[in-house]
Amino acid sequence: MDRVALRGLRARGHHGVFPREREEGQTFVVDLVLGLDTRPAAADDDLAKTVHYGVVAEEVVGVVQGEPVDLIETLAERIARQCLEHAGVQEVEVVVHKPDAPITVPFDDVTITITRSRA
């Protein structure tokens, strides 16, 4: 399976379990790896036979900016489902970064990584 990767998609969302997170929001960063067969698109040089990563990026940002959830696990699951709506995408790896998580000790990042497929 071939891979198309989008890294560092940024959007402001209001996800989290604490009232401050819901009220003020924070930046979330998303990395995606889409698994698909790109041979038909490459053979015909045809965008319609692959995934339009610009559209995927816009949809993922829409999910992050959309309805708030408590957990980044839930957010990652919603993003994965959205990516799998594209006919050619057979598998997706989603990493959601929450660099401004409400943690009281110094840290660089908090992430969740999930992999989902049609099978």
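Here is a short report on the structure shown in this document. (Residues numbered from 1 in each chain as written. Predicted model: local features only at pLDDT ≥ 70, side-chain atom pairs only at ≥ 80, totals over all residues. Heavy atoms only, no water.)

1. Overview of the sheet that holds strand E1 (residues 2–13)
- If you trace the 4 strands from one edge of the open sheet to the other, you get E1-E2-E3-E4, paired in antiparallel fashion. Looking at which strands have only one partner, the edges of the open sheet turn out to be E1 and strand E4 (111–117). Put simply, the sheet's adjacent strands are angled 15 degrees from each other on average, direction ignored.
- In terms of strand pairing, strand E2 (residues 26–36) meets strand E3 (residues 91–97) through 7 bridges, oriented antiparallel. Pairing of Leu-32 across the sheet is with Val-94, part of E3.
- Strand contacts of helix H3 (residues 53–65): E1 and E2, with the helix running at about 35 degrees to E1, the strand carrying the most contacts. (Pairing = 2+ DSSP bridges. Helix = DSSP H or I, 4+ residues; strand = E, 2+ residues; numbered from the N terminus. Axes fitted to C-alpha atoms, helices over the stretch in contact; angles between N-to-C directions. Contact = heavy atoms within 4.5 Å.)

2. Concerning the nonpolar core
- If you look at the biggest cluster of nonpolar residues, it comprises 29 residues, and the most contacted ones within it are Val-30, Leu-32, Leu-34, Ile-79, Val-94 and Val-96.
- At the level of secondary structure, the elements contributing two or more residues to this core comprise E1, E2, H3, helix H4 (72–84), E3 and E4.
- By residue number, the principal contributor to this core is H4, which donates 7 residues.
- Leaving out residues up to four positions away in the same chain, Val-96 has contacts with Phe-28, Val-29, Val-30, Ile-72, Leu-75, Ala-76, Ile-79, Val-110, Thr-111 and Ile-112. (Core = buried A, V, L, I, M, F, W, Y, C linked by side-chain atoms within 4.5 Å. Buried < 20%, exposed > 50% of the residue type's maximum accessible area, 1.4 Å probe, protein only.)

3. Description of the pattern of salt bridges
- For the coordinates displayed, the defined rule picks out 7 salt bridges.
- In this structure, Arg-20 and Glu-24 form a salt bridge, with 3.2 Å as the shortest nitrogen-oxygen distance. In this pair, Arg-20 and Glu-24 both sit in helix H1 (residues 19–24), 4 residues apart, roughly one turn of the helix.
- For Glu-24, a relative accessible area of 44% translates into the label partly exposed.
- Taking the shortest distance from any N to any O, the salt bridge between Asp-44 and Lys-49 comes out at 2.2 Å. (Salt bridge = Lys/Arg side-chain N within 4 Å of Asp/Glu carboxyl O.)

4. Topic: the pairing of E2
- In terms of burial, E2 is largely enclosed, as 10 of its 11 residues are buried.
- Bridging between E1 and E2 involves 10 bridges; their strand directions are antiparallel. Pairing of Arg-12 across the sheet is with Thr-27, part of E2.

5. With respect to H3
- In this model, H3 (13 residues) spans 18 Å end to end at C-alpha, consistent with the 18 Å of a helix rising 1.5 Å per residue.
- Within H3 the residues assigned to the buried category are Val-56, Ala-57, Val-60, Val-63 and Val-64. Down the axis of H3, the buried set is contained in an arc of 120 degrees. They therefore lie on one face. For H3, the exposed residues lying more than 90 degrees away from the buried face are Glu-58 and Gln-65.
- Those residues of H3 that are buried are in contact with E1, E2 and H4. (Expected span 1.5 Å × (residues − 1). Arc of directions from axis to C-beta.)

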